[in-house]
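Now for the letters of each chain:
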Amino acid sequence: MTEFELIQRYFAQAAAAQPHGADVSLGIGDDCALITPPMGQQLAISTDTLVSGRHFPVDTDAFSIGWKAVAVNLSDLAAMGATPHSVLLALTLPDADAAFLAELSRGIFAQCQQHGVRLIGGDTTRGPCLSLTLTVLGWLPTGSAVCRHGAQVDDLIVVTGTLGDAAYALRHPHSPLQHRLDRPEPRSTLGPRLRGVASAMLDVSDGLAQDLGHILRASALGAALIAEQLPLHPIVAALPLAERLSLALTGGDDYELCLTVAPHRLAELHAVADASQTPITVIGQMTAQRGLSVLHHGQPVDMTLTGFLHFDR
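Since we're looking at a predicted model, the values are computed, not measured.

(A) Quick look at helix α2 (residues 62-80). The end-to-end C-alpha distance of α2 is 29 Å, a good match for the 27 Å that 19 residues give at a rise of 1.5 Å each. A large share of α2 lies buried, amounting to 17 of its 19 residues. Two residues or fewer past α2, Gly-81 is found with a positive phi of approximately 85°.

Here's what the structure looks like:
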C-alpha cells in the first residue's frame with residue numbers, strides 16, 4: 001500500500017463523511033488545508049506527540065491509541081477555554097498493517113465525532129516505531145483565553161473528576177480503571193464555559209504537583225493543598241496513604257482540568273460545572289508564599305516526588 005492509498009483508504013474517506021461548516025474551505029487532499037477564522041475570534045493551536053512505549057504501552061489496542069491521540073490534544077484546548085475545531089495528524093508507522101490502521105482511524109474519528117472536530121490534513125511516513133503527532137485548532141473570543149499566569153492570592157484551587165486513575169491503571173494493567181489510561185475524556189464541554197470564571201487553568205497530564213507548579217511559576221505565587229480533599233476513585237482511595245498520594249499528586253495522564261477561581265466566584269463555578277455535568281472539587285488555595293505545600297490532617301506531606309518527565313535524568 002502506498003502512502004497515498006493509505007491516506008485515501010483510512011483517513012480521507014472518513015474525513016469527507018464528517019459534517020463540516022463553511023469555515024473549512026479545503027480539507028484533506030492538497031498541500032494545505034484552508035479554513036476561514038470566525039470574526040472576533042482568536043485561533044488556539046496545540047501540538048502533542050505520542051510515541052509507542054513512551055506515552056502508551058506497546059500492547060495498547062489500536063482504537064484506544066487513536067482515541068487517546070485526539071483526546072489529549074483536545075484537553076489542551078479545553079485548558080485554555082477554547083472550543084475545538086479541527087485536527088491535523090502526522091503519523092509514523094513501522095508498517096502499513098490494514099487491520100491496525102482500520103482500528104486506529106476508527107478510534108481517531110470516534111473521538112473527533114464526539115467533540116465536533118474535523119480531521120483536515122496531515123502526513124504519513126514509515127519509521128522504526130509508531131508515533132502520532134497531532135495539531136489541534138480551536139477558537140475563542142479575542143482576549144478571553146484562560147492562561148496560567150492569572151491566579152491571585154487566596155484563589156481557590158479546583159480540579160475536575162478524580163486524580164491518579166490513569167497512573168493506577170498503568171501500574172495495574174486490566175484493572176477497572178484501564179479506560180482512564182487508554183481512553184481519557186477531555187473536558188471540552190466545561191473548558192469554554194470557564195472563560196471569565198477561572199483566573200488560571202491547565203490540564204493535568206504530567207501529575208498534579210508538577211502541572212500546578214506551572215501555574216505557581218507563571219503567577220509568581222505559592223499554593224497549599226489539603227491532601228484529604230483530593231478527589232479519588234474508591235479503588236485509589238483504598239490504597240495506603242503514601243501510595244494514593246503518590247498517584248494523585250504525581251501520576252500523569254488523567255487529563256483533568258486544574259484551575260484557580262476567586263472565592264466569590266465559587267458558586268458561579270459550581271453552576272457552570274453542574275450545567276456541563278462535570279464533577280469539581282476544591283483542593284486548596286493560592287498563597288503569597290512561594291512553593292507548593294501539601295497538608296494531610298494538618299501535617300506536612302513530603303513533596304520530594306515529581307511528575308512525569310519526558311527527559312528524566
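(B) Quick peek at the sheet that holds strand β8 (residues 200-204). In spatial order, the strands read β8-β10-β7-β11-β9-β12-β13; together these 7 strands make up an open sheet with mixed pairing. Only two strands of the sheet have a single partner each, and these edge strands are β8 and β13 (299-300). Pairing analysis gives 5 bridges linking strand β9 (residues 222-226) to strand β12 (residues 291-296), with the strands arranged parallel. By the bridge assignment, Leu-225 is partnered in β12 with Val-294. Sitting on the sheet, helix α10 (residues 266-275) is in contact with β7 (156-160), β10 (256-261) and β11 (280-287), with an inclination near 150° to β11.

(C) A look at the pairing of β7. With 5 of 5 residues buried, β7 lies mostly within the body of the structure. Neither face of β7 is exposed, since Leu-156, Val-158 and Thr-160 on one face and Ile-157 and Val-159 on the opposite face are all buried. Relative to β10, β7 runs antiparallel, the two sharing 4 bridges. Note on β10: the bridge partner recorded for Val-159 is Cys-258. By the bridge criterion, 5 bridges tie β7 to β11 in an arrangement that is antiparallel. Paired with Val-159 across the bridge in β11 is Thr-281.

Criteria and cut-off values
- Residues numbered from 1 in each chain as written.
- Predicted model: local features only at pLDDT ≥ 70, side-chain atom pairs only at ≥ 80, totals over all residues.
- Heavy atoms only, no water.
- Helix = DSSP H or I, 4+ residues; strand = E, 2+ residues; numbered from the N terminus.
- Expected span 1.5 Å × (residues − 1).
- Buried < 20%, exposed > 50% of the residue type's maximum accessible area, 1.4 Å probe, protein only.
- Pairing = 2+ DSSP bridges.
- Contact = heavy atoms within 4.5 Å.
- Axes fitted to C-alpha atoms, helices over the stretch in contact; angles between N-to-C directions.

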